[in-house]
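Coordinates in review
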Amino acid sequence: TTKDNPTLDELKAAWLPHVTKIENIQALFNKPVLFTEVGYKSIDGANKEPWKMLAVDTQEQADCYRTALETFFLVSKNGLTLAMMSLHSTTKESST
């Protein structure tokens, strides 16, 4: 997003254009997509400029991780990843 402390829904919406691009690449090569790393610093503005060192904001960091995982994985109530979701279904499901 372009703001500090976005809501979870705003963070999820910010992922949607990337999901579409990844779906297109996945369809082109007919291969699964593997994420090996996702990283956010514990700073205010981590979602918009993760390379900058600014004021510490652990809640924004947690929100960024949560929405990244919820966008691409089915996550249980206790936070453990249960199964990878198809990219197509993530764009149509509502937030949990």
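In the block above lies the structure referred to throughout.
Here is a short report on the structure shown in this document. Small disclaimer: the values here were computed from a predicted structure and weren't measured.

With that settled, the discussion passes to unusual backbone geometry. In the Ramachandran plot, Asn5 falls in the positive-phi region, its phi being about 55 degrees despite a non-glycine side chain. Phi at Asn30 is positive, roughly 50 degrees, even though this residue is not glycine. Examined against the element boundaries, Asn30 turns out to sit in the loop between α1 (8-29) and α2 (58-72).

The next thing to look at is the nonpolar core. One finds Leu11, Trp15, Val19, Ile22, Tyr40, Cys64, Ala68 and Phe72 forming the largest nonpolar core, which totals eight residues. When contributions to this core are tallied by element, the ones reaching two or more residues are α1 and α2. The leading source of residues in this core is α1, at four residues.

We now examine the side chain of Asn47. With respect to the element layout, Asn47 can be found in the loop between α1 and α2. Looking at Asn47, its side chain comes within polar contact range of the side chain of Thr1, at 2.4 Å. A distance of 3.1 Å separates a polar atom in the side chain of Asn47 from the backbone oxygen of Lys3. Residues within four places of Asn47 in sequence aside, it is in contact with Thr1, Lys3, Pro6, Leu11, Glu60 and Cys64.

What follows deals with empty space enclosed by the protein. Any space left empty among the atoms is revealed by the rolling of a water-sized probe across them. Inspection of the entire model under this criterion finds one cavity of 30 Å³ or more. Lining of the largest cavity is provided by Trp15, Phe35, Val38, Ala68, Leu69, Phe72 and Phe73. Looking at which element gives the most residues to the lining of the largest cavity, the answer is α2, with three residues. Residue classes in the lining of the largest cavity are distributed as seven nonpolar, no polar and no charged.

With that settled, the discussion passes to α2. Residues separated by three or four positions in an α-helix point in the same direction, a consequence of the helix having 3.6 residues per turn. For α2, which comprises 15 residues, the first-to-last C-alpha distance of 22 Å matches the rise-based estimate of 21 Å (1.5 Å per residue) to within 8%. If you check which residues of α2 are buried, you get Glu60, Asp63, Cys64, Thr67, Ala68, Glu70, Thr71 and Phe72.

What follows covers α1. For α1, with 22 residues, the first-to-last C-alpha span of 31 Å sits near the 32 Å given by 1.5 Å per residue. At Pro17, α1 shows its strongest bend, of approximately 30 degrees. Taken together, the buried positions of α1 are occupied by Leu11, Lys12, Trp15, Val19, Ile22 and Glu23. Once α1 finishes, Asn30 follows within two positions and takes phi at roughly 50 degrees, a positive value.

Quick notes on the rules
Residues numbered from 1 in each chain as written. Predicted model: local features only at pLDDT ≥ 70, side-chain atom pairs only at ≥ 80, totals over all residues. Heavy atoms only, no water. Helix = DSSP H or I, 4+ residues; strand = E, 2+ residues; numbered from the N terminus. Core = buried A, V, L, I, M, F, W, Y, C linked by side-chain atoms within 4.5 Å. Buried < 20%, exposed > 50% of the residue type's maximum accessible area, 1.4 Å probe, protein only. Polar contact = N/O pair within 3.5 Å; in protein donor to acceptor, adjacent residues only side chain to side chain. Contact = heavy atoms within 4.5 Å. 1 Å grid on protein atoms, 1.4 Å probe; cavity = no way out; pocket = protein on both sides within 12 Å on 5 of 7 lines; lining within 4 Å. Points joined across faces, edges and corners; volume = space filled by probe spheres on them. Nonpolar A, V, L, I, M, F, W, Y, C, P; charged D, E, K, R; others polar. Expected span 1.5 Å × (residues − 1). Bend = angle between axes of the 7 residues up to and from the residue.

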